[in-house]
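So you can see what is in the structure, the chains are spelled out below.
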Amino acid sequence: MSFDEEWGQLRSENAAMRLNGVPAESGGGSGGPSDYKVTSADLKAIGNEAQELFHWFERDAFHAGAQTDAAGKSLDGDGFLTGSALWAMWSTWRDQAETLLSACAHIHNHLEDTVISHANHEEVLVTNFSMSTINEHFK
């Protein structure tokens, strides 16, 4: 049997299987897509955690920079190759820390915007439904 034939057979045998173990024909159930709900409070809490991590990490990630720079220059001045290696390590750490900080800020800002956008959409929906109810009384 060729690979394509075997792959096709396996796909047809498992067509109804879902990754979370719920068969596609069951119509939801535990773990199904209809059970997934996220509230604005959930999003806001996650965004706040990302912001807290950002501030904590921003405070603590770079405190050794000046000492690392001084130690690297001192080692270089004394003819040790370790100085440039120390500086290369610090540069890598700084780049990775800045990437993490950027990711935390992005998560916080995105979730905050999502909560605000959702609230605005809800307000529009409530207003539109209220207006349609009022209009019914004037027919």
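Residues numbered from 1 in each chain as written. Predicted model: local features only at pLDDT ≥ 70, side-chain atom pairs only at ≥ 80, totals over all residues. Heavy atoms only, no water.

### Here we look at the overall build of the protein chain
The criterion, for reference: A run of H or I in DSSP becomes a helix once it reaches four residues, and a run of E becomes a strand once it reaches two; helices and strands are each numbered from the N terminus. With a 1.4 Å probe rolled over the protein chains alone, any residue whose accessible area is under 20% of its type maximum counts as buried; one over 50% counts as exposed, and the rest are partly exposed. Two residues qualify as a contact provided that any one of their heavy atoms is within 4.5 Å of a heavy atom in the partner residue. For the area figures, the Shrake-Rupley method with a 1.4 Å probe applies, and any residue is considered shielded solely by the protein chains shown.
Along its length, the protein chain carries four helices and zero strands. What you see in the protein chain, going N to C, is helices and strands ordered as α-α-α-α. Across the 139 residues that make up the protein chain, the buried fraction comes to 14%. Sequence-distant contacts in the protein chain: of pairs separated by 6 or more residues, those separated by 24 or more amount to 58%. Only carbon and sulfur atoms are counted for the fraction: they give 60% of the accessible area of the protein chain, which is about 10,900 Å².

### Structural notes on the confidence of the model for the protein chain
The cut-off we apply is this: Each residue carries a pLDDT score, the predictor's own confidence in it, on a scale running from 0 to 100.
Chain-level statistics for the protein chain give a pLDDT mean of 79 and a share of 78% at 70 or above. Per-element mean pLDDT across the protein chain ranges from 78 in helix H1 (residues 3–13) up to 90 in helix H3 (residues 65–77). Within the model, the stretch residues 26–34 combines pLDDT values under 50 with eight contacts to residues more than four positions away or in other chains.

### Things to note about the nonpolar core
Inside soluble globular proteins, nonpolar side chains tend to come together where they are buried. Rules: What we call a nonpolar core is a set of buried Ala, Val, Leu, Ile, Met, Phe, Trp, Tyr and Cys residues that are connected through their side-chain atoms within 4.5 Å.
Counting residues in each nonpolar core, the largest one holds six residues, listed as Phe54, Phe57, Ala61, Ala97, Leu101 and Cys104. Every element with two or more residues in this core is listed here: helix H2 (40–61) and helix H4 (82–137). Beyond its immediate sequence surroundings of up to four residues, Phe57 is in contact with Trp93, Ala97, Leu100 and Leu101.

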